[in-house]
Amino acid sequence: MLPKFKSTADVKVSKSIIDQVIGQEEAVEIIKKASIQRRHVLLIGEPGTGKSMLGMALAELLPKETLVDTLAFPNPNDENQPLIRTVPAGEGRDIVAKARLNSNEMFKNQNLIVLVLALASIAIPWVLRSYYIKLEGNVIAANIMFTALFLGGMVFVGAFLFFISFGKRMDGKAKVPRVIVDNFNRQQAPFFDATGAHAGALLGDVLHDPFQSGGLGTPAHERVVAGMIHKTNLGVLFLDEIAILHPATQQELLSAIQERKFAITGQSERSAGAMVRTEPVPCDFVLVAAGNIETIKNMHPALRSRIRGYGYEVFMQDTMLDTEENRRKIAQFVAQEVVKDKKIPHFSSDGVDVIIEEAKRRANRKGHLTLRLRELGGLIRAAGDVAREEGSKLVESSHIMKAKRLARTLEQQIADKYIERKKEYEVIRTTGRLVGRVNGLAVMGGEDAQSGIILPIEAQVTPGGKESEIIATGKLGEIAKEAIKNVSAIIKGYFGQDIKETLDIYVQFIQTYEGVEGDSASIAVATAVISAFKNVPVNQDTCMTGSLSVRGEVLPIGGVSSKVEAAIEAGLKKVIVPRANLKDIVIPADRLEKITLIPVDRIGEVLREALYWKGKEKILALIEGA
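The following paragraphs examine the structure supplied in this document.

Parameters at a glance
Residues numbered from 1 in each chain as written. Predicted model: local features only at pLDDT ≥ 70, side-chain atom pairs only at ≥ 80, totals over all residues. Heavy atoms only, no water. Helix = DSSP H or I, 4+ residues; strand = E, 2+ residues; numbered from the N terminus. Buried < 20%, exposed > 50% of the residue type's maximum accessible area, 1.4 Å probe, protein only. Contact = heavy atoms within 4.5 Å. Areas by Shrake-Rupley, 256 points an atom, 1.4 Å probe, with all protein chains shown as cover. Phe/Tyr/Trp six-rings, centres within 6.5 Å; stacked < 30°, edge-to-face > 60°. Lys NZ or Arg CZ within 6 Å of the ring centre and 35° of its normal. Pairing = 2+ DSSP bridges. Axes fitted to C-alpha atoms, helices over the stretch in contact; angles between N-to-C directions. Polar contact = N/O pair within 3.5 Å; in protein donor to acceptor, adjacent residues only side chain to side chain. Expected span 1.5 Å × (residues − 1). Core = buried A, V, L, I, M, F, W, Y, C linked by side-chain atoms within 4.5 Å. Salt bridge = Lys/Arg side-chain N within 4 Å of Asp/Glu carboxyl O. Patch = residues over 30% accessible without salt bridge, like charges linked within 9 Å, V, L, I, M, F, W, Y side chains within 5 Å.

1. Some words on the overall build of the protein
Summing up its helical and strand segments, the protein has 23 helices and 27 strands in all. Here the protein holds 626 residues, and 47% of them are scored as buried. Pairs at least 24 apart in sequence give 74% of the contacts found in the protein among residues at least 6 apart. Summing over all exposed atoms, the protein offers an accessible surface of approximately 31400 Å²; the carbon and sulfur share of this is 53%.

Structure representation (structure tokens):
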């Protein structure tokens with residue numbers, strides 16, 4: 001039993017990130033080892049299982065290093081190869097400030113010179129005006145002469161001031177270094193999430209200079225921009241979906257890992273920055289790469305080899321056993337989400353129980369709780385929003401039920417529309433009996449956002465030619481096509497007739513624009529074909545799901561809870577499921593009462609329950625005797 005608590009406010013939430021990771025004990029141990037020895041880590045697993053949190057935890061656990069600032073200096077011998085120097089963290093800004101102060105020393109008398117010139121431009125024309133009036137007596141001519149001389153003097157002063165200021169700016173830029181990695185006041189090893197970063201952001205870049213001639217250009221060292229690999233020097237670089245990086249970028253990342261320094265150059269060949277290449281810039285980071293199973297296939301083999309040879313590979317868990325200890329971890333997760341969000345109330349003990357049941361349902365595996373916690377966190381926040389809107393001090397079970405409706409995934413919303421429209425146009429039949437027509441069940445969406453749909457299937461058996469065949473339509477995947485071919489073995493086993501030699505079999509997945517990938521419709525296909533073959537009607541208030549072996553055994557499938565919920569929503573009365581999946585069904589009791597669950601082990605049991613055998617009892621006896 002869970003320890004008694006009034007609300008999640010009583011559950012202790014650790015400030016340490018590593019202690020907030022739920023259900024990934026093996027990964028946590030490896031991260032702790034990697035932090036001590038500064039090892040690279042490759043995390044492979046489904047989204048929402050805690051990969052980025054483990055990366056942040058690694059940065060938090062790294063031994064305290066003496067962080068450094070990195071500066072780019074002008075190179076007096078080659079302006080296109082800026083010099084790179086490192087200094088203790090926080091000193092970079094002081095060096096730049098002192099350099100700017102020194103560059104201004106030579107111009108300290110500038111204001112006095114400008115003042116003298118300005119006074120002279122007024123005084124000299126005035127003296128000349130007065131002398132001309134005394135000499136010639138022509139006031140108008142004297143005023144014109146004064147105006148011309150005054151304006152000419154102002155133009156001279158302005159030009160002088162411009163060139164002085166321009167010289168100061170250009171000379172100052174040429175001499176003052178630039179801080180490209182600033183660790184001022186940083187107390188912990190840096191952590192950067194470079195997921196989706198382009199090559200320039202990841203590896204550094206040199207900005208384009210529109211003024212490339214005439215002395216107006218910006219010095220090369222002023223245009224150098226450090227990449228995330230440089231900013232994470234002595235820290236952690238996190239890269240999710242690492243396989244989407246261009247192979248050339250992965251290769252350069254490998255070089256940076258090997259050398260622990262990487263020169264910055266322009267990433268665009270058409271940019272003026274492509275001419276600039278700095279001295280090597282320190283980038284001694286720990287790489288935490290992440291992705292899913294496909295990442296392994298598409299990742300640069302040399303990069304993966306480097307990680308494997310100098311670090312660890314971890315396969316993330318997506319479920320954990322449904323034990324009291326792990327239920328406490330789910331309660332801890334709820335408390336953590338409330339504390340992180342800072343805008344929702346704490347959950348009551350009953351509310352936590354509902355979240356645990358939801359974690360059990362989303363696991364799609366009997367005796368387990370899901371570890372795809374990001375989506376579960378979405379439900380927690382949605383329930384908190386409902387509670388806050390209603391002015392409740394705690395999130396109760398009723399708020400979670402409302403939130404489940406409000407926070408439905410797109411797949412669930414589409415599935416609801418799908419069922420509604422199919423019923424409206426009688427594509428889905430829920431009453432009566434029809435030959436060769438079966439209500440199958442399927443899911444749409446990924447494992448973290450599954451939604452069940454009704455899958456109407458029709459079959460027709462006709463006399464075949466010399467080369468009979470099985471024809472299936474409805475955007476079927478390879479696994480689904482293979483499952484249909486296995487049906488002929490079942491029929492031959494029951495009736496002693498190889499229908500492929502004498503008959504054509506047509507199987508249609510009606511209006512299945514979404515496609516069918518797996519083999520969970522196998523028993524529905526077999527039922528539809530046998531119904532059409534022996535002209536036995538199928539009860540339309542019954543639906544089914546299950547995989548089928550060539551020996552007639554009904555095998556377990558995934559997404560069974562979502563499929564049963566779809567059957568309930570569609571108004572069906574019975575649902576046939578593999579007996580092995582019976583414990584996987586996690587649905588509130590009041591909803592489960594609306595439908596009759598029929599667990600089966602063999603296809604013969606499916607046929608007995610789904611078909612209407614009145615007048616066909618001899619065929620049923622033949623099947624049950626096989």
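2. Re the packing of aromatic side chains
Taken as a whole and judged by the stated rule, the model has 1 aromatic pair. For the cation-ring pair, Arg306 lies above Tyr310, with the distance from its terminal atom to the ring centre recorded as 4.0 Å. Taking NZ or CZ as reference, Arg433 lies 3.8 Å from the ring centre of Tyr612, over its face.

3. What about the sheet that holds strand β4 (residues 178–181)?
Here 3 strands make up an open sheet; going across it, the order is β3-β2-β4 and the pairing antiparallel. Lying at the two open borders of the sheet, with one neighbouring strand each, are β3 (83–88) and β4. Put simply, the sheet's adjacent strands are angled 40° from each other on average, direction ignored. When strand β2 (residues 68–73) meets β4, the two strands line up antiparallel, connected through 3 bridges. Opposite Thr70, over in β4, you have Val181 as the bridge partner.

4. So, the side chain of Asn183
Among the structural elements, Asn183 can be located in the loop between β4 and β5 (191–193). A residue is classified by how much of its surface remains accessible, and Asn183, at 4% relative accessible area, is buried. In this structure the side chain of Asn183 is engaged in a polar contact, spanning 2.7 Å, whose partner is the backbone oxygen of Val68. Those residues in contact with Asn183 that lie beyond four places of it in its chain are Leu67, Val68, Asp69 and Ala89.

5. A word on the environment of Asn539
Positionally, Asn539 belongs in strand β22 (residues 537–539). Here the alpha-carbon distance between Asn539 and Ala610, two residues 71 residues apart in the chain, equals 5.7 Å. With sequence-adjacent residues up to four places away left out, Asn539 is seen in contact with Gly432, Arg433, Glu609, Ala610, Leu611 and Tyr612. A polar contact of 3.3 Å, which involves the side chain of Asn539, links it to the side chain of Arg433.

6. A look at the sheet that holds strand β12 (residues 311–315)
With parallel pairing, 5 strands are arranged side by side in an open sheet as β5-β8-β11-β1-β12. What marks the edges here is a single partner per strand, and that holds for β5 and β12. With direction set aside, neighbouring strand axes in the sheet form an average angle of 15°. Pairing of strand β1 (residues 40–44) with β12 involves 5 bridges; the strand directions are parallel. For Ile44, the partnering residue across the bridge sits in β12 and is Phe315. Packing against the sheet, helix α1 (residues 25–37) makes contact with β1 and β12, and its axis sits at approximately 165° to β12.

7. Some points on helix α13 (residues 373–389)
Taking 1.5 Å of rise per residue, 17 residues should cover 24 Å, and α13 covers 24 Å from first to last C-alpha, within 8% of that figure. Of all the positions in α13, only Leu373, Leu376, Gly377, Leu379, Ile380, Ala382, Ala383, Gly384, Val386 and Ala387 are classed as buried. Against the buried residues of α13 lie α11 (324–341), β14 (346–347), α12 (349–362), β15 (368–370), β16 (394–395) and α14 (397–406). Trailing α13 by a residue or two, Gly391 shows a phi angle of about 75°, which is positive.

8. Section: the nonpolar core
Among soluble globular proteins, nonpolar side chains are generally buried collectively. Ile457, Val529 and Ile603 are the most contacted members of the largest nonpolar core, which totals 44 residues. Looking at this core, the elements with two or more residues in it are β18 (437–444), β19 (451–463), α17 (487–495), β21 (503–509), α19 (522–534), β27 (596–600), α22 (603–610) and α23 (617–625). With 9 residues, α19 is the largest single contributor of residues to this core. Setting aside anything within four residues of it in sequence, one finds Ile457 in contact with Gly436, Arg437, Val438, Val507, Gln508, Phe509, Ala521, Ala524, Val525 and Ala528.

9. Thoughts on the pairing of β2
Burial within β2 is extensive, with 5 of its 6 residues counted as buried. Looking at chain direction, β2 and β3 are connected through 6 bridges and run antiparallel. Looking at β3, one finds that Leu71 is bridged to Arg85.

10. Topic: the environment of Ile454
By the element assignment, Ile454 lies in strand β19. Since its relative accessible area comes to 0%, Ile454 is described here as buried. Expressed as a C-alpha distance, the spacing of Ile454 and Val427, which sit 27 residues apart in the sequence, is 9.9 Å.

11. As for the pattern of salt bridges
Overall, the coordinates contain 20 salt bridges when judged by the stated rule. A salt bridge links Glu358 to Arg362, with the shortest nitrogen-to-oxygen separation between them at 2.8 Å. Here Glu358 pairs with Arg362, and both are found in helix α12, just 4 residues apart, close to one helical turn. Glu358 gets classed as buried once you look at its relative accessible area, which sits at 4%. One connected set of salt bridges, linked through shared partners, spans Glu358, Arg361, Arg362, Lys404 and Glu565.

12. Here we look at a nonpolar patch on the surface
On the surface, Ile293, Ile296 and Phe315 cluster together to form a nonpolar patch covering roughly 280 Å² of accessible area. Take Ile293: it is sitting in helix α9 (residues 293–298). The exposure class assigned to Ile293 is partly exposed, which follows from its relative accessible area of 43%.

13. Brief notes about the pairing of β1
With 5 of its 5 residues buried, β1 lies for the most part within the structure. Of the two faces of β1, both are covered, the one formed by His40, Leu42 and Ile44 as well as the one formed by Val41 and Leu43. Sheet analysis places β1 next to strand β11 (residues 286–291), joined by 4 bridges and oriented parallel. In the strand pairing of β11, Ile44 is matched with Gly291.

14. A short note on α12
Given a rise of 1.5 Å per residue, 14 residues ought to cover 20 Å, and the 20 Å separating the end C-alpha atoms of α12 matches this to within 8%. Among the residues making up α12, those that are buried are Gly351, Val352, Val354, Ile355, Ile356, Glu358, Ala359 and Arg361. A positive backbone phi angle near 55° is found at Asn364, which sits one or two residues after α12.

15. What about unusual backbone geometry?
Positive phi is not limited to glycine here, since Leu234 has a value of about 65°. Within the secondary structure, Leu234 sits in the loop between α7 (228–231) and β8 (236–239). With a relative accessible area of 15%, Leu234 lands in the buried category.

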